[in-house]
Every structure is written in C-alpha cells, then in structure tokens.
Amino acid sequence: MVSYKMVPTLLLLSLCVAGVWSNEAQDAWAARQRRVHATPNNDGQTKKFSGRIVGGTVLSEPLPYLLSLRDSGSHICGASIISGKHALTAAHCQSPPSDVNRLSLLGAVTKRTDEASGILFQVETVVTHPDFAPRTYLNDVAIIRIVTSFLDHPRLAAIPIIPTTYKLRVNSLASVSGWGLTAQDSMLAPELRTVRIPIVSYQSCVSKWRPVPIVWTAICAGHPGRDSCNGDSGGPFVQDGVQIGLVSWGADRCGSDYPGIYTYIGNRNIRKFIQENTGV
C-alpha cells in the first residue's frame with residue numbers, strides 16, 4: 001500500500017515585505033504552505049508536491065472581491081468576499097490556526113504591502129469545514145466573518161458563488177489571482193497577478209497525480225507554465241464572473257505539467273456548509 005503524508009513546507013526564502021520579513025511573519029506564512037511527499041513511482045522517481053501565479057500578468061486595478069488574509073499584518077493567503085460580512089478562504093490557511101486577534105483582511109489593493117491605500121478589516125471569527133481532512137485536503141474551505149461590512153465601501157463587492165447546478169466544462173478557462181510566488185524559488189509577488197488556466201478532467205488529473213489521491217471535492221486545472229503557487233492558497237478560482245473554486249494545493253514546482261488542485265465550492269457538501277454559515 002502506498003503511504004504518503006503532508007507536512008509544512010519549510011521554504012528558506014528571503015521574503016520581502018518593505019524590506020525583509022520578521023522571523024514571526026515568515027513563520028506565519030511558511031506554516032500555511034504545504035507539500036505532499038509520495039513514495040517513489042515504478043520508475044524510481046519521487047514526486048514532491050505543495051499547498052500553494054506563474055505565467056500570469058500584473059493587474060493595474062484591484063479586483064473588488066479579492067482579499068489578502070494577513071497574520072500580524074503579513075500576507076499568508078488569499079480570500080474572496082462573498083457577502084457583506086463573510087469571506088472564503090482555504091481551511092489549510094488556518095491550519096495551524098492563528099490567534100483571531102492577529103488576523104485581518106486587506107482589500108482594494110494591487111500592491112501586497114499597501115495598507116495605506118487599501119481597506120483593512122478586523123477578523124471576528126474563522127469557521128473551517130468540520131470535515132476538513134489535512135491528510136488529503138478534502139473539504140479545504142473556511143469562512144471568515146468580519147466585525148464591520150465589506151459592502152460599506154464602494155471599491156469592494158461580493159463575487160457570486162457557483163450554484164450546485166453549474167456545469168463545469170473540461171478545457172474551458174478560468175482565472176486565478178493573487179500575490180503568490182511567480183516561480184518555484186522566487187519571492188512573493190509585490191503586485192497582484194492573474195492567470196487564465198484550463199480545467200482538466202478529473203480522470204486525467206487522478207491519472208497524472210497517482211499515487212497521490214485527488215479528493216472528490218476538488219477541481220483540477222493548469223497548463224505547463226501557467227499555475228497558482230505558494231501564497232495563492234485560498235484565493236478565488238473564477239469563471240464567467242462566478243467563483244467556482246479556491247486554491248488548495250499543487251506541485252512544488254509551480255507551472256509544471258501537474259494540474260493544480262482547487263476546492264470545488266459547487267460541491268453539495270461544501271455549498272451546504274457555506275449556506276449554513278453565511279446564508280449565501
């Protein structure tokens with residue numbers, strides 16, 4: 001039987017946020033990045049994988065629904081506005097959990113460190129899916145509630161989320177945006193970037209990733225040279241103006257021929273969790 005496990009990716013990076021990150025800020029970010037170690041394949045090679053925009057373009061204007069989830073003022077993951085008081089992110093972005101008093105959400109920015117021109121929100125609560133499985137990333141979704149309201153600000157807006165009747169189309173394009181790494185060994189992107197990538201069939205994804213399991217709450221998407229990466233986790237995966245998923249995990253060599261894995265928020269179990277906790 002194949003054995004595998006997920007452990008935190010300990011990236012020895014010089015990550016700059018207005019200079020160099022403090023040790024605490026770097027630890028907070030690195031703790032939310034993941035890598036799967038799998039046993040060697042029949043060809044004797046070992047696959048290495050991570051929780052995690054490559055090949056994209058810089059955006060000149062903020063996306064009204066996109067947020068930076070921050071721990072003690074430092075970016076750790078992406079998130080998206082889905083109602084006046086609620087945002088979505090990945091469950092693994094709070095595994096391990098932060099002290100909620102340290103958490104904030106920054107919106108209406110393209111520059112990751114530009115709190116002066118952005119809008120900052122204090123987090124009130126974080127609810128992760130009760131059946132989130134850290135070993136496989138089943139149900140990798142969490143809901144963040146803020147103290148005030150996103151919709152008090154004209155520069156921000158909620159993004160519609162996928163209904164359970166939505167039909168995913170293999171090879172159709174969807175967009176992912178964030179401030180994550182732009183290459184495997186690079187630094188977090190200072191400016192917001194976006195990339196359009198094709199959805200990959202579940203069967204093809206399972207075959208490509210074997211023996212690493214692909215859970216049934218996932219969408220697979222990607223193309224060599226176009227991918228999400230470390231620091232993009234939790235960010236929205238968008239098609240036709242609707243959020244269909246969020247960044248969950250993928251290959252540690254971002255932009256490789258392994259599809260990225262996104263939590264499918266149109267899954268009935270996940271959609272029920274969102275509705276029960278937000279009314280959306």
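See the structure shown above.
Computed from a prediction, not measured in an experiment: that's the story for all the values here.

Caption draft 1: Examining the state of the cysteines more closely. One pass over the full model with this rule turns up two disulfides. In this model Cys77 forms its disulfide with Cys93; the gap between the sulfur atoms is 2.1 Å. Every disulfide takes its handedness from the sign of the S-S torsion; for Cys77 and Cys93 that torsion is -95°, giving left-handed. With a gap of 16 residues between them, Cys77 in strand S6 (residues 74–81) and Cys93 in the loop between strand S7 (86–89) and strand S8 (103–107) connect regions that are remote in the sequence. Of the two residues examined, Cys77 and Cys93, each falls in the buried class.

Caption draft 2: Representation of the packing of aromatic side chains within the structure. Throughout the structure, instances matching the rule amount to five aromatic pairs. Between the aromatic rings of Phe121 and Phe150, the centroid separation amounts to 4.8 Å while the plane-to-plane angle is 65°, which identifies the pairing as edge-to-face. One end of the pair, Phe121, is in strand S9 (residues 119–128); the other, Phe150, is in the loop between strand S10 (142–146) and strand S11 (173–178), with 29 residues separating them in the sequence. Each member of the pair Phe121 and Phe150 is classed as buried. Plain terms: the ring middles of Phe132 and Tyr137 are 5.8 Å apart, the flat faces sit at 55° to each other, and that makes the pair tilted. The exposure class of Phe132 is buried, given its relative accessible area of 15%. Chaining the aromatic ring pairs together yields one cluster made of Trp209, Trp249 and Tyr258. The residue whose ring lies beneath Lys208 is Tyr258, and the NZ or CZ to ring-centre distance is 5.8 Å.

Caption draft 3: Layout of the nonpolar core. Grouped together as the largest cluster of nonpolar side chains are 44 residues, with contacts concentrated most on Leu105, Phe150 and Phe237. Residues contacting Leu105, with those up to four places away along its chain left out, are Leu67, Ser68, Leu69, Ala79, Ala87, Ile119, Leu120, Phe121, Val123, Ile144, Ile146 and Phe150. Of all hydrophobic cores here, the second largest spans 15 residues; its members include Ala91, Val212, Cys220 and Ala251.

Caption draft 4: Representation of unusual backbone geometry within the structure. Residues Ser95 and Pro96 are joined by a peptide bond in cis, for which omega reads 10°. Residue Pro211 is reached from Arg210 by a cis peptide bond, and omega for that bond is 15°. If you trace the backbone, Pro211 turns up in the loop between helix H2 (202–209) and strand S13 (218–221). Positive phi, close to 55°, is recorded for Ser72, a residue that is not glycine. For Ser72, the location among the structural elements is in the loop between strand S5 (66–71) and S6. Positive phi values are uncommon outside glycine, yet Asp240 reaches one of about 55°. Here Asp240 is to be found in the loop between strand S14 (236–239) and strand S15 (242–251). Residue Asp240 is classed as exposed on the basis of its relative accessible area, which comes to 61%.

Caption draft 5: How the structure looks around the environment of Phe121. Overall, Phe121 belongs to the buried group, its relative accessible area being 3%. Along the chain, Phe121 and Val147 lie 26 residues apart, while their C-alpha atoms are 7.5 Å from each other. When residues no more than four places from it in sequence are discounted, the contact partners of Phe121 are Ser104, Leu105, Ile146, Thr148, Ser149, Phe150, His153 and Leu156.

Caption draft 6: Main features of helix H3 (residues 268–278). Turning to H3, its buried residues are Ile270, Arg271, Phe273, Ile274 and Thr278. Around the axis of H3, the buried residues are gathered within 155° of arc, so they sit on the same side. The exposed set on the far side of H3, more than 90 degrees from its buried face, consists of Arg268, Lys272 and Glu276. Buried-residue contacts for H3 involve S7, S9, S10 and strand S16 (260–264). Where H3 terminates, the next one or two residues include Gly279, which has phi positive at roughly 80°.

Caption draft 7: Region of the structure containing the pairing of S14. Residues Pro236 and Val238 of S14 are buried on one face, and the alternating residues Phe237 and Gln239, pointing to the opposite face, are buried as well. Both S11 and S14 contribute to a ladder of two bridges, which runs antiparallel. Looking at S14, one finds that Ser175 is bridged to Val238. Bridging between S14 and S15 involves four bridges; their strand directions are antiparallel. Bridge pairing links Phe237 to Gly245 in S15. As consecutive antiparallel partners, S14 and S15 are separated by two residues, and within that stretch Asp240 has a phi angle of approximately 55°, a positive value.

Rules of the game
Residues numbered from 1 in each chain as written. Predicted model: local features only at pLDDT ≥ 70, side-chain atom pairs only at ≥ 80, totals over all residues. Heavy atoms only, no water. Disulfide = S-S within 2.5 Å. Helix = DSSP H or I, 4+ residues; strand = E, 2+ residues; numbered from the N terminus. Buried < 20%, exposed > 50% of the residue type's maximum accessible area, 1.4 Å probe, protein only. Phe/Tyr/Trp six-rings, centres within 6.5 Å; stacked < 30°, edge-to-face > 60°. Lys NZ or Arg CZ within 6 Å of the ring centre and 35° of its normal. Core = buried A, V, L, I, M, F, W, Y, C linked by side-chain atoms within 4.5 Å. Contact = heavy atoms within 4.5 Å. Arc of directions from axis to C-beta. Pairing = 2+ DSSP bridges.

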